[in-house]
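Next come the chains, spelled out residue by residue.
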Amino acid sequence: VCGVGVAGLAAIQQAKNLNAVVSAFDVRSATKEQVQSLGAKFLEVESEESGEAAGGYAKEMSKEWFEAADKMLLKECASTNVIITTAQIPGKKAPVLIKKNMVEAMPPGSVTVDLAAETGGNVETTVPGEIAKVGGVTCLGYTNMPSRMASTASQLFGGNVTKLISSMIDKEGKFQVDIENDEAVRSMCVVHKGQKLEPYVPPPPPPKEEKKDEPVVEIVEEDPEKTTMRSALQSTGALGTAVILGSTVPGSGMLGTFALSIWVGSQAVRGVAHALHSPLMSITNAISGMTIVGGMLQLGGGILPSTTAQLLAAGAVSLSAINLAGGFIVTKKMLDMFRRPDDPPEYWHYYLIPSGVVCASFTGLTLAGMGGPGLSAAVALASGLGCISGISAMSDQKTTRLANYLAMGGVGMGLTTTLFAMGATSAVYAQFVLMSAVGGLAGQQIAARIGPTSLPQAVAGFHSLVGIAACSTAVGDFMLHGVGHGGFHAASIYLGAWMGAITCTGSIIACAKLAEKMSSKPLALPGRDAMNIVMGAGSAACMAGFMMTSDPATAALCLAGGVGLSGALGFHMTASIGGADMPVVITLLNSYSGWALCAEGFILDQPLLTVVGALIGSSGAFLTKIMCDGMNRSLTNVILGGFGTSGGSVQTSEGLVHTEIDVAGTVSALKDSSSVCIVPGYGLAVAQAQKAVADIAKLLTDQGKTVKFAVHPVAGRMPGQLNVLLAEAGVPYDIVYEMEEINEEMEDMDVTMVIGANDTVNSSAEEDPNSAIAGMPVIQVWKSSHVVFMKRSMASGYAGVDNPVFYKENTDMLLGNASDTCERIKQGLME
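Predicted model, so just to flag it, every value in this text is computed and none were measured. (Residues numbered from 1 in each chain as written. Predicted model: local features only at pLDDT ≥ 70, side-chain atom pairs only at ≥ 80, totals over all residues. Heavy atoms only, no water.)

1. Quick look at the overall build of the protein chain
Across its full length, the protein chain carries 29 helices and 14 strands. Along the first, second and third principal axes, the C-alpha atoms of the protein chain reach 115 × 65 × 55 Å. Expressed as a percentage of its 831 residues, the buried residues of the protein chain come to 49%. Long-range pairs, those at least 24 residues apart, make up 76% of the contacts in the protein chain with a sequence separation of at least 6. Treating the 51 positive side-chain charges of the protein chain as one cloud and the 72 negative ones as another, the clouds have centres 6 Å apart. (Helix = DSSP H or I, 4+ residues; strand = E, 2+ residues; numbered from the N terminus. Buried < 20%, exposed > 50% of the residue type's maximum accessible area, 1.4 Å probe, protein only. Contact = heavy atoms within 4.5 Å. Lys, Arg positive; Asp, Glu negative; His and termini not counted. Charge placed at Lys NZ, Arg CZ, Asp CG, Glu CD.)

This is how it looks when you write it as structure tokens:
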């Protein structure tokens, strides 16, 4: 509709009543709100020129404005079937808005209705008073529209009467007046078979079910004094424990560095948006490759290592290099997915200049003999701050791609100081170059093969490398220096090796489960909990023995026992956790890798590793808490619960039957709606349907509909995985909402499409206190007017819990492969 005056608004309303997809155009920007209030899309010209004139009429626009408008309208006409123009300027010839080339671009069978034909017409191909044909398009140029209304109204009324009479003919072709069963006939029938009928009284509506009075639950208010006292006592216990543990640390400087690093790191991580949690895990995974520092300081021999300890160090360098190269490449790939086509050019790589200048200056000063411990410490501190700054840059989508360069600069400064701290021979430096080059090349090759759907298992795999490197460094330090260096040093070695081993084996099992190389069902061995307790107690006993003995052989035996028990514990505990809890496992292992790096810092007296390790450890702990809160479960329950054991077909206990819908019905529902919410789940990732879904969203948006995406915190197999998939497909991040935001708007949604999600939209979490997922925050899709559930089958989700939403009156199931189904829906919307 061109020209949004009284006639234009009436045309928009009538077209919307006929379920048409309507767009409108006017030179006056003030009409935008009127158009949108009627559910139509307002077409805007990229120009600051205003078309407002006195009295609310339009004024004549400049040549430049018309050129911009022509470009926009030509593109719009290619997908428009009917054009109605009403634009007029008092006392002047009607402006020509629709040029001949625009008419020729319209699909065959299209029509233009020029209501301004009497004053020259808005369509260039209009012939006043006649019907013209331009290619396959019909151009109506009637100048007597008012006089045609009576005959049109008669035709419409006559059509209704004809349909009524036709409906009174039964299947056998006989005409009958059925006043018993046909309400339409009975309501207008006055006399039947010579008998006057009583005035028609419509049947009463069906009785509404009376709502049962819900029992009033008395809310007992807590005594604020007791609540505060309990919190204060808990804080006292935590502070006392921290002071006792801190008193065992030999150097107060390292303790202060550790404590402040945890606080600063946790604050930086808290500011990261939920949508960027996957890149957050990826970048912390890359930074955890700083385990290379421990390997570098233990390298020895020549071009190749000559002892077991040196072999472990060389292995730590290679494995850490895989993490560094692969992690930063994967992070860049993920962050680039969030870049929108209309975003301005970015030159964040220039931020490598500050770290590059620091590294070059440090190298020059050290080679000139002007360096010293103070300079090395300052550069190491800058390295840690660079890594923290990288995390902080993820607090805003505008600066998120800066994060990778800041973190790389931080890592680069740390490696530079370590190179000079090695004080090795040229042959050992050559060994370092060789091992790091092999690892870096392997990391690059691995990263090149990682796609959005394989991110969870890739992150878990990278964690295992960090675990091996940390364990190797701890064991290598023991081999090089033996015992007798104090209880704290011994504890650091043992804990570094222990956490490295549990991180390694746990990550390998998590990777296998996520890659579907291993069953996602929990490993339910007899006496599972007892086995974990025995292995935990054995680990504690080995640690006590390692710390108290002065015999190298006994210490080696205790350390080997601790590493073996830790590895077995990581294997068994992760294997005993169901597939639904893998997001928690990944974040927990991410945290473990950080604490292992912290222990390495204490072992080697390297504050840099303590800072970076605390950053990664607190990051993983924060994400673990988010995952547990998202499932309303404690970490202990996740580790020991064996959640996600059920599966198979679902049928509620009431024996309800679900209703199904086909693709055509779904397309019709989407076309008739004005607001649509799309809720993706892991099934979308498996089906690789994100591109088709993004196209569906764009088509609906172009048709004037409001489209929003809703992502649950634990959707997918790692935090933020669905956000990365949607970003890869080109979905703008500003229409992707978190659970809390979208639940406030769900009642206003006409249609909600759930694609491959189940547990995260399960109403039993809120409605059934006996459900296994009771209390879990979920996206309240059932509150929208119409829910279309897209799934392969009626099988349950990973949690193995019935979903009552399947059987609600406003829910239809669209069963089949999500990729094929979404492609067909897209084609249906394009027709």
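2. Let's talk about the state of the cysteines
Evaluated as defined, the whole model comprises 0 disulfides. Unpaired in this structure, Cys 511 has its nearest cysteine sulfur neighbour in Cys 504, at a distance of 11 Å. Cys 598 carries a free sulfur, and the closest cysteine sulfur to it, the one in Cys 387, is 13 Å from it. For Cys 598, a relative accessible area of 3% gives the class buried. (Disulfide = S-S within 2.5 Å.)

3. Topic: the pattern of salt bridges
Summed over all chains, the structure comprises 13 salt bridges. Between Asp 702 and Lys 41 there is a salt bridge, with its nearest N and O atoms 3.9 Å apart. With Asp 702 in helix α25 (residues 690-702) and Lys 41 in strand β2 (residues 41-43), this pair connects stretches of sequence that are 661 residues apart. (Salt bridge = Lys/Arg side-chain N within 4 Å of Asp/Glu carboxyl O.)

4. Re the pairing of strand β5 (residues 131-134)
Residues of β5 alternate between two faces, with Ala 132 and Val 134 buried on one and Ile 131 and Lys 133 left unburied on the opposite face. Here β5 folds back onto strand β6 (residues 137-140) in antiparallel fashion, the turn holding 2 residues, of which Gly 135 has a positive phi close to 65°. (Pairing = 2+ DSSP bridges.)

5. As for the packing of aromatic side chains
For the structure shown, the criterion picks out 8 aromatic pairs. Judged by centre distance (5.2 Å) and plane angle (90°), the ring pair of Phe 488 and Phe 602 falls under edge-to-face. Of this pair, Phe 488 sits in helix α17 (residues 487-514) while Phe 602 sits in helix α20 (residues 582-604); the two residues are 114 residues apart in sequence, bridging distant segments of the chain. With a centroid separation of 6.1 Å and 40° between ring planes, the pair formed by Tyr 494 and Phe 546 is classed as tilted. Residue Tyr 494 is found in helix α17, and its partner Phe 546 is found in helix α18 (residues 528-548); the two are separated by 52 residues along the sequence. Exposure remark for Tyr 494: the relative accessible area of 2% places this residue in the buried category. Taken together, Phe 478, Tyr 494 and Phe 546 form an aromatic cluster joined through their ring pairs. Positioned above the aromatic ring of Tyr 142, the side-chain terminus of Arg 148 is 3.4 Å from the ring centre. (Phe/Tyr/Trp six-rings, centres within 6.5 Å; stacked < 30°, edge-to-face > 60°. Lys NZ or Arg CZ within 6 Å of the ring centre and 35° of its normal.)

6. Focus on the sheet that holds strand β3 (residues 82-85)
Pairing in this open sheet of 4 strands is mixed, and the strands run β3-β4-β6-β5 from one edge to the other. Taken across any chain shown, the strands that pair with only one partner, and hence form the sheet edges, are β3 and β5. Averaged over all pairs of adjacent strands, the angle between their axes in this sheet comes to 15°, without regard to strand direction. The pairing of β5 with β6 spans 4 bridges and is antiparallel. Note on β6: the bridge partner recorded for Ile 131 is Leu 140. (Axes fitted to C-alpha atoms, helices over the stretch in contact; angles between N-to-C directions.)

7. Observations regarding the environment of Gly 500
In this fold, Gly 500 is placed in helix α17. In this structure Gly 500 comes out as buried when scored by relative accessible area, which is 0%. Sequence spacing of Gly 500 and Thr 760 is 260 residues, and the spatial spacing of their C-alpha atoms is 33 Å.

8. Focus on the packing of helix α14 (residues 402-422) against helix α15 (residues 426-448)
As a packed pair, α14 and α15 sit with axes 11 Å apart at the nearest point and diverge in direction by 150°. In this structure, α14 uses Leu 419, Phe 420 and Met 422 to contact α15, whose residues at the interface are Val 428, Tyr 429 and Phe 432. Residue composition of the contact of α14 with α15, by class: 6 nonpolar, no polar and no charged. (Nonpolar A, V, L, I, M, F, W, Y, C, P; charged D, E, K, R; others polar.)

9. A short note on unusual backbone geometry
If you check the backbone angles, Lys 193 has positive phi at about 55° while not being a glycine. Inspection of the secondary structure puts Lys 193 in the loop between β7 (191-192) and β8 (195-196). What makes Lys 193 exposed here is its relative accessible area of 75%. Even without glycine at this site, Asp 605 takes up a positive phi of about 55°. Tracing the chain through its elements places Asp 605 in the loop between α20 and α21 (607-631). In this structure Asp 605 comes out as exposed when scored by relative accessible area, which is 53%.

10. Focus: the side chain of Asp 114
The topology assignment puts Asp 114 in strand β4 (residues 111-114). Nearest to the buried, unbridged Asp 114 among oppositely charged side chains is Lys 93, at 8.5 Å. Only 3.0 Å separates the side chain of Asp 114 from the backbone nitrogen of Ala 116, close enough to count as a polar contact. Within the structure, the side chain of Asp 114 is placed 2.9 Å from the backbone nitrogen of Val 123, a separation counted as a polar contact. Filtering out sequence-adjacent residues up to four positions away, Asp 114 remains in contact with Thr 85, Gly 121, Asn 122, Val 123, Thr 126, Leu 140 and Tyr 142. (Polar contact = N/O pair within 3.5 Å; in protein donor to acceptor, adjacent residues only side chain to side chain.)

11. Considering the confidence of the model for the protein chain
Interpretation of the predicted coordinates at a detailed level should be avoided for regions scoring low in pLDDT. In this model, the protein chain carries an average pLDDT of 84, and 91% of its residues clear a pLDDT of 70 or more. Of the regions scoring below 50 in pLDDT, residues 53-57 engages in 7 contacts with residues more than four places distant in sequence or in other chains. Low pLDDT, under 50, characterises residues 642-653; the stretch is placed with 37 contacts to residues that sit more than four places away or in other chains. (pLDDT = per-residue confidence, 0-100.)

12. Quick word on the sheet that holds strand β13 (residues 786-791)
Overall, parallel pairing links the 6 strands, which are arranged β11-β10-β9-β12-β13-β14 in an open sheet. Unpaired on one side and paired on the other, β11 (736-738) and β14 (811-815) mark the two borders of the sheet. Taking each pair of neighbouring strands and ignoring which way they run, the sheet shows an average axis angle of 25°. Here strand β12 (residues 751-755) runs beside β13; their pairing, made up of 5 bridges, is parallel. Bridge pairing links Thr 752 to Val 787 in β13. The sheet strands contacting helix α26 (residues 721-728) are β9 (675-680), β10 (706-711) and β11, and the helix crosses β10 at an angle near 145°.

13. Looking at the packing of helix α11 (residues 308-337) against α14
The geometry of α11 relative to α14 is characterised by a closest axis approach of 10 Å and an angle of 165° between their N-to-C directions. Comparing the axis directions of α11 and α14 gives the class roughly antiparallel. Like other packed secondary-structure pairs, α11 and α14 cross with a definite hand, here left-handed. Within the contact between the two elements, α11 uses Leu 324, Phe 328, Thr 331, Lys 332 and Leu 335 and α14 uses Asn 404, Tyr 405, Ala 407, Met 408, Val 411 and Leu 415. Across the contact of α11 with α14, the residue classes break down as 8 nonpolar, 2 polar and 1 charged. (Parallel < 35°, antiparallel > 145°, perpendicular 65-115°, else oblique. Left-handed = near helix turned anticlockwise from the far one by under 90°.)

14. Things to note about the side chain of Asn 743
Counting through the fold element by element, Asn 743 comes out in helix α27 (residues 739-743). In this structure Asn 743 comes out as buried when scored by relative accessible area, which is 17%. Within the structure, Asn 743 has its side chain in polar contact with the backbone nitrogen of Gln 780 (distance 2.9 Å). Not counting chain neighbours up to four residues away, the residues in contact with Asn 743 comprise Val 778, Ile 779 and Gln 780.

15. Section: the environment of Lys 708
Along the chain, the position of Lys 708 falls in strand β10. Apart from the residues within four sequence positions on either side, Lys 708 is in contact with Val 676, Cys 677, Ile 678, Ile 735, Tyr 737, Ile 742, Glu 745 and Met 749.

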